[in-house]
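In case you want the letters, here they are:
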Amino acid sequence: MIKLNQPLTLTLTVNDVDTATGAAIEYRKPDGTTGTWTPATLDTGAATVSYDIPADELDVAGHWHVIAVVTFADGDVIPGEAHTFRVYSRYA
């Protein structure tokens, strides 16, 4: 269970990243606020994008929506599959 103000390492699987040059993770908080976590760590061998979310950034309880966005050498920017995780209040 993920609680408010708890640090978290978020890892998303992506496809066909052999020629990728960078990545970010876009998010939407339960209150509708959007943003981007970058630089995210891109592991082309494991086909994953990861980001260590500091405790103070998970500041809204509810369902968070995230998506990995990968940049390729040719300039293409491709979003991955959307995912959701829930952050619970302290007393949940």
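Residues numbered from 1 in each chain as written. Predicted model: local features only at pLDDT ≥ 70, side-chain atom pairs only at ≥ 80, totals over all residues. Heavy atoms only, no water.

Trainee: How would you sum up the overall build of the protein chain? Please name residues and give values.
Mentor: Helix and strand counts for the protein chain stand at zero helices and eight strands. Counting helices and strands in the order they occur from the N terminus, the protein chain gives β-β-β-β-β-β-β-β. Its C-alpha atoms give the protein chain a radius of gyration of 14 Å, near enough to 12 Å, the size a compact globule of 92 residues would have. Principal-axis analysis of the C-alpha atoms gives the protein chain an extent of 45 × 25 × 20 Å. When burial is assessed residue by residue, the protein chain has 37% of its 92 residues classed as buried. Intrachain contacts of the protein chain at a sequence separation of at least 6 include 63% that bridge at least 24 residues. Per element, the accessible surface of the protein chain, about 5400 Å² overall, is 48% carbon and sulfur. Between the mean site of the 5 positive side-chain charges and the mean site of the 12 negative ones, the protein chain shows a separation of 20 Å. (Helix = DSSP H or I, 4+ residues; strand = E, 2+ residues; numbered from the N terminus. Rg over C-alpha atoms; globule rule 2.2 N^0.38 Å. Buried < 20%, exposed > 50% of the residue type's maximum accessible area, 1.4 Å probe, protein only. Contact = heavy atoms within 4.5 Å. Areas by Shrake-Rupley, 256 points an atom, 1.4 Å probe, with all protein chains shown as cover. Lys, Arg positive; Asp, Glu negative; His and termini not counted. Charge placed at Lys NZ, Arg CZ, Asp CG, Glu CD.)

Trainee: Help me get a handle on the sheet that holds strand S1 (residues 2-3), residues and values and all.
Mentor: Taken in spatial order, the five strands make up an open sheet running S1-S8-S7-S3-S4, and their pairing is mixed. Two strands close off the open sheet at either side, each with one partner strand: S1 and strand S4 (34-37). (Pairing = 2+ DSSP bridges.)

Trainee: Can you break down the sheet that holds strand S2 (residues 8-13) residue by residue, with the values?
Mentor: One open sheet holds the three strands; their spatial order is S2-S6-S5, and the pairing between them is antiparallel. In the strand order of this sheet, the two ends are held by S2 and strand S5 (41-43), each with one partner. For this sheet the average axis-to-axis angle between neighbouring strands, irrespective of direction, equals 20°. Sheet topology places S5 next to strand S6 (residues 48-53); three bridges connect them, and they run antiparallel. Directly across from leucine 42, in S6, lies its bridge partner valine 49. (Axes fitted to C-alpha atoms, helices over the stretch in contact; angles between N-to-C directions.)

Trainee: Explain the environment of glutamine 6 to me, using residue names and the numbers behind them.
Mentor: Tracing the backbone through its elements, the reader meets glutamine 6 in the loop between S1 and S2. Distance from glutamine 6 to histidine 65, taken between C-alpha atoms, is 17 Å for residues 59 residues apart in sequence. Those residues within four positions of glutamine 6 in sequence are excluded, and the remaining contacts are Met1, Ala55 and Leu58.

Trainee: Just give me the short version of unusual backbone geometry, but keep the residues and values in it.
Mentor: For residues that are not glycine, phi is negative in most cases, and the peptide bond is trans in most cases. One non-glycine residue, asparagine 5, lies in the positive phi region at around 55°. Looking at the secondary structure, you find asparagine 5 in the loop between S1 and S2. Phi at alanine 47 takes a positive value of approximately 55°, unusual for a residue other than glycine. Examined against the element boundaries, alanine 47 turns out to sit in the loop between S5 and S6. You can call alanine 47 buried: its relative accessible area is 18%.

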